[in-house]
Amino acid sequence: MKTQKRSNLWAPWRLEYIHKKKLSDACPFCTELKGKPSAKNLVLYKDKDVAVIMNKFPYNPYHLLVLPKAHVSDLCDLSPAIAAKLYKCVQKSYEAIGRAVRMEGANIGINLGTAGGAGIPGHIHWHIVPRWNSDTNFMPILAETKAIPTHNLKVYETLSKVFDSFADHMSED
Ligand SMILES: [Zn+2]
């Protein structure tokens with residue numbers, strides 16, 4: 001049987017699109033948010049618009065990420081309604097950490113773009129990093145290599161109990 005030889009179409013202008021598509025397909029947040037919240041994906045809460053996920057590489061224990069469900073990279077691309085809901089989610093997540101552990105301070109913010117320090121620049125996310133007075137000297141210098149004293153899965157277990165009632169808190173006025 002004769003097989004027909006297929007010639008490949010060379011279309012270099014598609015490379016950028018394919019590359020971008022691959023990047024977007026590989027977004028770890030979008031992947032994790034497909035499943036139900038569990039210790040495996042470290043998702044603590046999700047509804048149709050927003051989600052709360054534990055940072056896999058935390059700067060400190062209880063380091064949470066709050067993000068829109070949609071794969072949006074820029075702050076200006078969020079609708080006012082989603083932006084407001086995200087802010088509420090940040091506030092309620094901060095409150096939830098406080099119910100799980102005694103913080104002495106916190107850093108809350110967004111890194112925009114790789115130049116801004118974003119690890120996953122394609123999908124905007126707020127960091128909520130609890131702080132303790134004793135960690136001050138270590139964090140800026142050893143953020144990447146710092147030993148996390150509390151194991152992430154143990155933290156997930158603790159936080160997931162607090163986040164059981166998170167939907168009620170999100171619907172509060
Ligand atoms: Zn994404």
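Everything discussed here concerns the structure shown above.
Source: prediction; values computed, not measured.

Peer 1: Break down the side chain of Arg131 for me, citing the residues and quoting the values.
Peer 2: Inspection of the secondary structure puts Arg131 in strand β5 (residues 126-131). Within the structure, the side chain of Arg131 is placed 2.6 Å from the side chain of Asn107, a separation counted as a polar contact.

Peer 1: So, the packing of helix α3 (residues 80-100) against helix α5 (residues 152-163): which residues are in play, and what are the values?
Peer 2: As a packed pair, α3 and α5 sit with axes 9 Å apart at the nearest point and diverge in direction by 120°. One element, α3, and the other, α5, form an angle in the oblique class. Note that α3 runs across α5; the crossing there is right-handed. Packed against α3, whose contacting residues are Ser93, Ala96, Ile97, Arg99 and Ala100, the element α5 presents Thr158, Leu159, Val162 and Phe163 at the interface. In terms of residue class, the contact of α3 with α5 is built from six nonpolar, two polar and one charged.

Peer 1: Could you give me a rundown of the coordination of the zinc ion, with the residues and numbers involved?
Peer 2: Protein coordination at the zinc ion comes from Cys27 (SG), Cys30 (SG), His71 (ND1) and His123 (ND1), with a distance range of 2.1 to 2.3 Å. Classification of the site at the zinc ion rests on its four donor atoms, whose angles at the metal span 107 to 116°, yielding the label tetrahedral. Mapped onto the sequence, the residues coordinating the zinc ion show the spacing C-x2-C-x40-H-x51-H. Pair noted here: Cys30 is in helix α2 (residues 28-32) and His123 is in the loop between β4 (105-110) and β5, with a separation of 93 residues, a long-range link.

Definitions and cut-offs
Residues numbered from 1 in each chain as written. Predicted model: local features only at pLDDT ≥ 70, side-chain atom pairs only at ≥ 80, totals over all residues. Heavy atoms only, no water. Helix = DSSP H or I, 4+ residues; strand = E, 2+ residues; numbered from the N terminus. Polar contact = N/O pair within 3.5 Å; in protein donor to acceptor, adjacent residues only side chain to side chain. Axes fitted to C-alpha atoms, helices over the stretch in contact; angles between N-to-C directions. Parallel < 35°, antiparallel > 145°, perpendicular 65-115°, else oblique. Left-handed = near helix turned anticlockwise from the far one by under 90°. Contact = heavy atoms within 4.5 Å. Nonpolar A, V, L, I, M, F, W, Y, C, P; charged D, E, K, R; others polar. Donors = N, O, S within 2.8 Å, 3.2 Å for Na, K, Ca; no water. Tetrahedral: all angles 85-135°; square planar, octahedral: opposite > 155°, others 65-115°.

This is a description of form; function is not addressed.
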